[in-house]
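Listed below are the residues making up each chain.
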Amino acid sequence: MDFKLGIIALPGAAVSNKTGSFANEVPVYKNKKCTGCDLCIYFCPEGVVYGSKKEKKYGYDPDYCKGCGICAQECPVDDIEMILVEK
Ligand code: SF4
Ligand code: SF4
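Now for a description of the structure that goes with this document.

## Observations regarding the side chain of E46
Mapping E46 onto the fold places it in the loop between α1 (39–43) and β2 (49–52). Within polar-contact distance, the side chain of E46 engages the side chain of K66 at 2.8 Å.

## Here's the deal with the pattern of salt bridges
Across all of its chains, the model carries two salt bridges by this definition. A salt bridge links D38 to K53, with the nearest nitrogen and oxygen atoms 3.6 Å apart. Taken as a pair, D38 in the loop between β1 (25–29) and α1 and K53 in the loop between β2 and β3 (57–60) lie far apart in primary sequence, 15 residues in all. We note a salt bridge from K66 to E46, for which the minimum N-O separation is 2.8 Å. Of the two residues, K66 sits in the loop between β3 and α2 (70–74) while E46 sits in the loop between α1 and β2, which places them 20 residues apart along the sequence. The exposure class assigned to K66 is partly exposed, which follows from its relative accessible area of 33%. Given the relative accessible area of 7%, E46 is considered buried.

## Regarding the site of ligand 1
Taken together, the neighbourhood of ligand 1 is formed by C44, P45, V48, V49, Y60, C65, K66, G67, C68, G69 and C71. Its residues placed into classes, the shell around ligand 1 shows eight nonpolar, two polar and one charged.

## With respect to the site of ligand 2
Near ligand 2 the following residues occur: C34, T35, G36, C37, D38, L39, C40, Y58, C75, P76, V77 and I80. Per-class residue counts for the shell around ligand 2 are nine nonpolar, two polar and one charged.

About the criteria used
Residues numbered from 1 in each chain as written. Chains lettered and ligands numbered in written order. Predicted model: local features only at pLDDT ≥ 70, side-chain atom pairs only at ≥ 80, totals over all residues. Heavy atoms only, no water. Helix = DSSP H or I, 4+ residues; strand = E, 2+ residues; numbered from the N terminus. Polar contact = N/O pair within 3.5 Å; in protein donor to acceptor, adjacent residues only side chain to side chain. Salt bridge = Lys/Arg side-chain N within 4 Å of Asp/Glu carboxyl O. Buried < 20%, exposed > 50% of the residue type's maximum accessible area, 1.4 Å probe, protein only. Near = heavy atom within 4 Å. Nonpolar A, V, L, I, M, F, W, Y, C, P; charged D, E, K, R; others polar.

Honestly, that's just the spatial picture; any functional story needs more than this.
See the structure below:
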């Protein structure tokens with residue numbers, strides 16, 4: 001049996017196409033309970049999360065974040081909150 005994947009964009013596509021202006025929600029990295037697990041970096045489909053495992057401080061590049069919320073969904077300690085963007 002064939003197994004087919006439905007793909008609408010290559011991973012990291014936003015790096016060559018700024019997406020920050022169309023995001024309806026953006027993440028807030030609270031950096032309070034962070035354990036430095038790096039899951040937010042691994043799961044971000046656009047590769048725009050950065051941070052320091054040692055300092056347990058993380059953030060993202062708002063110019064290229066598409067507001068998908070995957071980082072917040074995957075954070076095991078709920079240290080990332082999605083908030084609505086006022087337009
Ligand atoms: S919401 Fe999180 S996972 Fe989605 S693009 Fe932005 S930083 Fe990456
Ligand atoms: S997923 Fe959450 S706990 Fe893990 S590094 Fe990112 S912010 Fe920290």
